[in-house]
Amino acid sequence: MRSKESGAPTRTQRARHQDLITAAIQVITRDGYRAASVDRIAREAGTSKGTALYHFSSKEELYQAVVSALFETGAAYMAERLLAADTATDKLRTYIETNLRFITLHPAHVGATQQILMNSDTVHAVQLDDAIAPLRRLLQSGQESGEFGEFDPEVTALSIRAIVDGAASYFLAHPELDHEHYIREAAALFLRAVQPAPLTSKDAS
């Protein structure tokens, strides 16, 4: 955003910044990635192309802001709910359910972000390692406390992320889907997978 060169953005500048992000999401969702020019996005936001380019030096910079805003909003949504969970089991359930539910609450933003990431060579999502590391630590803490059994935390974390990331496309392609059923089943699947193996008669002896 150009205005940051002269100090922190004002409330008006922040509002215009958000207006342009919202307009970009709306235009991409309605008209598609290829049709989403800076001029069209500016008109959607009720402003001029010049004003849009004052806040974002290029369409790619605006698109990066769209993508970053989704990950930042998602991280805040997740953090609030994870803090309220006590045990490793509760945290894992919360992690899976809130990730998936966030997708259902922000379909346009998720869809626009997917289009940007599929078509742009310069816009990037959060690094995979950044998403995997905290989940891996959560799984490891459950193993250390004895709540979880023996498994590879890295492989399990990658599997959970694959389910979450795949759901973003699947939910958008199947709006008739019972999302809550999907969310409950996905959480139950992994909660079963991380449980300690039951004791056998041989173990007991």
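Treat the numbers as computed from the prediction; the structure is a model and nothing was measured.

Novice: Explain the overall build of the protein to me, please; I cannot follow it from the model alone.
Specialist: Helix and strand content of the protein: ten helices and zero strands. Taken along the three principal axes of its C-alpha coordinates, the protein extends 80 × 40 × 30 Å. Sorting the 205 residues of the protein into buried and exposed places 38% on the buried side. Counting contacts in the protein only where the partners sit at least 6 residues apart, residues at least 24 apart contribute 68% of the total. Carbon and sulfur atoms make up 53% of the accessible area of the protein, which amounts to about 11,400 Å² in all.

Novice: Hey, could you run me through the packing of helix H5 (residues 88-105) against helix H8 (residues 153-173) in this one?
Specialist: Packed helix pairs are characterised by how far apart their axes lie and by the angle those axes make with each other. Contact pair H5 / H8: the axes reach a minimum separation of 9 Å and the direction vectors enclose 20°. The orientation of H5 with respect to H8, classified from their angle, is roughly parallel. Like other packed secondary-structure pairs, H5 and H8 cross with a definite hand, here right-handed. Between H5, through Leu92, Tyr95, Ile96, Asn99, Leu100, Ile103 and Thr104, and H8, the contact on the second element is made entirely by Ile160, Arg161, Ile163, Val164, Ala167, Ala168 and Phe171. The residue makeup of the contact of H5 with H8, split by class, is eleven nonpolar, two polar and one charged.

Novice: Please explain the nonpolar core as it appears in this structure.
Specialist: Taken as a class, soluble globular proteins show a tendency for nonpolar side chains to be buried jointly. Core analysis: the biggest nonpolar cluster contains 29 residues, and Leu92, Ile96, Leu100, Ile103, Leu139, Phe148 and Ile160 have the highest contact counts within it. Of all the secondary-structure elements, those providing two or more residues to this core are helix H4 (59-83), H5, helix H7 (128-145), H8 and helix H9 (179-194). Broken down by element, this core gets its largest block of residues, seven residues, from H5. When residues no more than four places from it in sequence are discounted, the contact partners of Ile160 are Leu92, Tyr95, Ile96, Leu135 and Phe190. Residues Ala45, Ala65, Val66 and Ala69 belong to the second largest nonpolar core, which totals 24 residues.

Conventions adopted
Residues numbered from 1 in each chain as written. Predicted model: local features only at pLDDT ≥ 70, side-chain atom pairs only at ≥ 80, totals over all residues. Heavy atoms only, no water. Helix = DSSP H or I, 4+ residues; strand = E, 2+ residues; numbered from the N terminus. Buried < 20%, exposed > 50% of the residue type's maximum accessible area, 1.4 Å probe, protein only. Contact = heavy atoms within 4.5 Å. Areas by Shrake-Rupley, 256 points an atom, 1.4 Å probe, with all protein chains shown as cover. Axes fitted to C-alpha atoms, helices over the stretch in contact; angles between N-to-C directions. Parallel < 35°, antiparallel > 145°, perpendicular 65-115°, else oblique. Left-handed = near helix turned anticlockwise from the far one by under 90°. Nonpolar A, V, L, I, M, F, W, Y, C, P; charged D, E, K, R; others polar. Core = buried A, V, L, I, M, F, W, Y, C linked by side-chain atoms within 4.5 Å.

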